[in-house]
Amino acid sequence: MKLARLLLLLLFPVLAFAQNTVSSYKPFFGSGTYKGNPVIITRSFVYNNTPSYLYTNTQTLATAIAPAKDLKATPAPLAQLKTQFANTPYIKALAAAENQSYTLQDAGLIHGYPKEHGITLTIDLCPSHKKLDRVIFTSLITEFGKTQQPVPVALSITGRFMLTHADDILWLKNLEKQNKIKITWVNHTYNHHYDPKAPLNENFILSPGTDINFEILGTEIALLQHGLLPSVFFRFPGLVSNNKAVTAVTDFGIIPIGSDAWLAKGQQAANGSIVLIHGNGNEPLGVKDFIKLLQTEKEKAMANQWLLYDLRDTVEDEFKQ
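Residues numbered from 1 in each chain as written. Predicted model: local features only at pLDDT ≥ 70, side-chain atom pairs only at ≥ 80, totals over all residues. Heavy atoms only, no water.

**Re the pattern of salt bridges**
In step 1: Per the stated rule, a full pass over the model turns up eight salt bridges.
In step 2: For Asp310, the salt bridge identified is with Arg312, shortest N-O distance 2.9 Å. Grouping residues by exposure puts Asp310 and Arg312 together as buried.
In step 3: One salt-bridge network, in which partners are shared between bridges, spans Lys182, Asp310 and Arg312. (Salt bridge = Lys/Arg side-chain N within 4 Å of Asp/Glu carboxyl O. Buried < 20%, exposed > 50% of the residue type's maximum accessible area, 1.4 Å probe, protein only.)

**Re the sheet that holds strand S3 (residues 50-57)**
In step 1: Ordered by their spatial adjacency, five strands build an open sheet running S4-S3-S2-S1-S5, and the pairing between neighbours is antiparallel. Lying at the two open borders of the sheet, with one neighbouring strand each, are strand S4 (63-67) and strand S5 (74-75).
In step 2: Where strand S2 (residues 37-47) meets S3, eight bridges bridge the pair, whose relative direction is antiparallel. Paired with Arg43 across the two strands is Leu54, which belongs to S3.
In step 3: Set on the sheet, helix H7 (residues 212-225) makes contact with strand S1 (22-34), S2 and S4; between it and S1 the angle comes to about 90°. (Pairing = 2+ DSSP bridges. Helix = DSSP H or I, 4+ residues; strand = E, 2+ residues; numbered from the N terminus. Contact = heavy atoms within 4.5 Å. Axes fitted to C-alpha atoms, helices over the stretch in contact; angles between N-to-C directions.)

**Notes on the side chain of Thr189**
In step 1: Of note, Thr189 is situated in the loop between strand S8 (181-187) and H7.
In step 2: A relative accessible area of 2% means that Thr189 is categorised as buried.
In step 3: Leave out the neighbours within four places in its chain, and Thr189 touches Ile157, Thr158, Gly159, Ile205, Glu215, Thr219, Phe234 and Pro237.

**Focus on the side chain of Asp133**
In step 1: Topologically, Asp133 is positioned in the loop between strand S6 (118-125) and helix H4 (134-144).
In step 2: Buried and unpaired, Asp133 has no salt bridge, with Lys130 as the nearest side chain of opposite charge at 8.3 Å.
In step 3: A distance of 3.2 Å separates the side chain of Asp133 from the backbone nitrogen of Gly281, its partner in a polar contact.
In step 4: Setting aside residues no more than four positions away along its own chain, Asp133 makes contact with His278, Gly279, Asn280, Gly281 and Val287. (Lys, Arg positive; Asp, Glu negative; His and termini not counted. Polar contact = N/O pair within 3.5 Å; in protein donor to acceptor, adjacent residues only side chain to side chain.)

**Let's talk about the packing of aromatic side chains**
In step 1: Per the stated rule, a full pass over the model turns up eight aromatic pairs.
In step 2: Here Phe28 and Tyr53 contribute two aromatic rings whose centre-to-centre distance is 5.4 Å and whose plane-to-plane angle is 20°, an arrangement assigned as stacked. Taken as a pair, Phe28 in strand S1 and Tyr53 in strand S3 lie far apart in primary sequence, 25 residues in all.
In step 3: The structure contains a cluster of three or more aromatic residues connected by ring pairs, namely Tyr25, Phe45 and Tyr47.
In step 4: Above the ring of Trp262, the side-chain terminus of Lys265 is found at 4.1 Å from the ring centroid. (Phe/Tyr/Trp six-rings, centres within 6.5 Å; stacked < 30°, edge-to-face > 60°. Lys NZ or Arg CZ within 6 Å of the ring centre and 35° of its normal.)

**Quick look at the packing of H4 against helix H6 (residues 166-177)**
In step 1: Taken N-terminus to C-terminus, the directions of H4 and H6 make an angle of 10°; their axes are 12 Å apart at the nearest point. The pairing of H4 with H6 is recorded here as roughly parallel in orientation. Here H4 contributes Arg134, Phe137, Thr138 and Ile141 to the contact with H6, which in turn contributes Asp167, Asp168, Trp171, Leu172 and Leu175.
In step 2: Each residue belonging to the contact of H4 with H6 can be placed in one class, and the counts come to five nonpolar, one polar and three charged. (Parallel < 35°, antiparallel > 145°, perpendicular 65-115°, else oblique. Nonpolar A, V, L, I, M, F, W, Y, C, P; charged D, E, K, R; others polar.)

**What about the nonpolar core?**
Across soluble globular proteins, you tend to see nonpolar side chains buried next to one another.
In step 1: Leu121, Ile123, Phe137, Leu140, Leu155, Leu172 and Phe290 are the most contacted members of the largest nonpolar core, which totals 37 residues.
In step 2: No other element matches helix H9 (residues 284-296), which puts five residues into this core.
In step 3: Each residue touching Leu140, except ones within four places of it in the same chain, is listed here: Leu121, Gly145, Val151, Phe290, Leu294 and Leu308.
In step 4: Core analysis: the second largest hydrophobic core is formed by 24 residues, Phe29, Leu61, Leu81 and Val232 among them. (Core = buried A, V, L, I, M, F, W, Y, C linked by side-chain atoms within 4.5 Å.)

**Examining H9**
In step 1: A rise of 1.5 Å per residue sets the reference length of H9, with its 13 residues, at 18 Å; its end C-alpha atoms lie 18 Å apart and thus fit the reference within 8%.
In step 2: Those residues of H9 that sit buried are Gly286, Val287, Phe290, Ile291, Leu293 and Leu294. For H9, the angular spread of the buried residues around the axis is 155°, confining them to a single face. Turned more than 90 degrees from where H9 packs its buried face, Pro284, Lys288, Lys292, Gln295 and Thr296 sit exposed. (Expected span 1.5 Å × (residues − 1). Arc of directions from axis to C-beta.)

This is the structure:
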């Protein structure tokens, strides 16, 4: 089945409540300048009837959408762009992720180097019939809202979570509109394949028959349909991958992010940790441990001595000159 037809069939339920139309979505690589900043273009598509590009700021790793008429693109293969922008944080991060691609678990970037004491929080939203753990976000706002506004958080989201949690997505969007949180949307695949009986090397994204093109592009389309912005980051389901899978992801111009502090597995957060918890109702232990962590560091947070960091800033700081 062709990718375009598969996307239409699987994303059809989204159209019932999505407010934005996306068509002709495909990888497209090139360079350009937008609002005075050099950018790398990674996708072309028609967004609400307007030909558009998704691009990445090579210094800040922030992504954005621009009308094609406003961004003069010079098409180029990604390999050429990697050479052209080799000294930028974006390309350095891509290269670092590729160099850490040979482990079965936790490939990619797993730790940041913030200037102050603190962590980068990532919350995985895998497919689930349970409600979003909203207490995570209300606790973040309560503990950090007075010293950090908005509170930064990275959400690793699956397409299937978006299909069944429209009310939760709307709730999160409203928190952003109120300037209470700032979300980086991380691609966590569309289906998040998992077989509890399969070995890791044949599980998650390594499951036989997985269409990685759909897993990545289908999730990006779903985000855009919901009015959300795909970031330049990707998280492997179960943190499971191999060199081939990592290369397949970075070939889309996106950076795999792991974790050195998966709280539900007993891994402790340290300064600079990329912390992982699940917010889909399936990991109460991890949520409990995170709330405890927040309470433990409350006094330092109030004194700006223990902070939450934006994932984009964490990676930029690590790789900038």
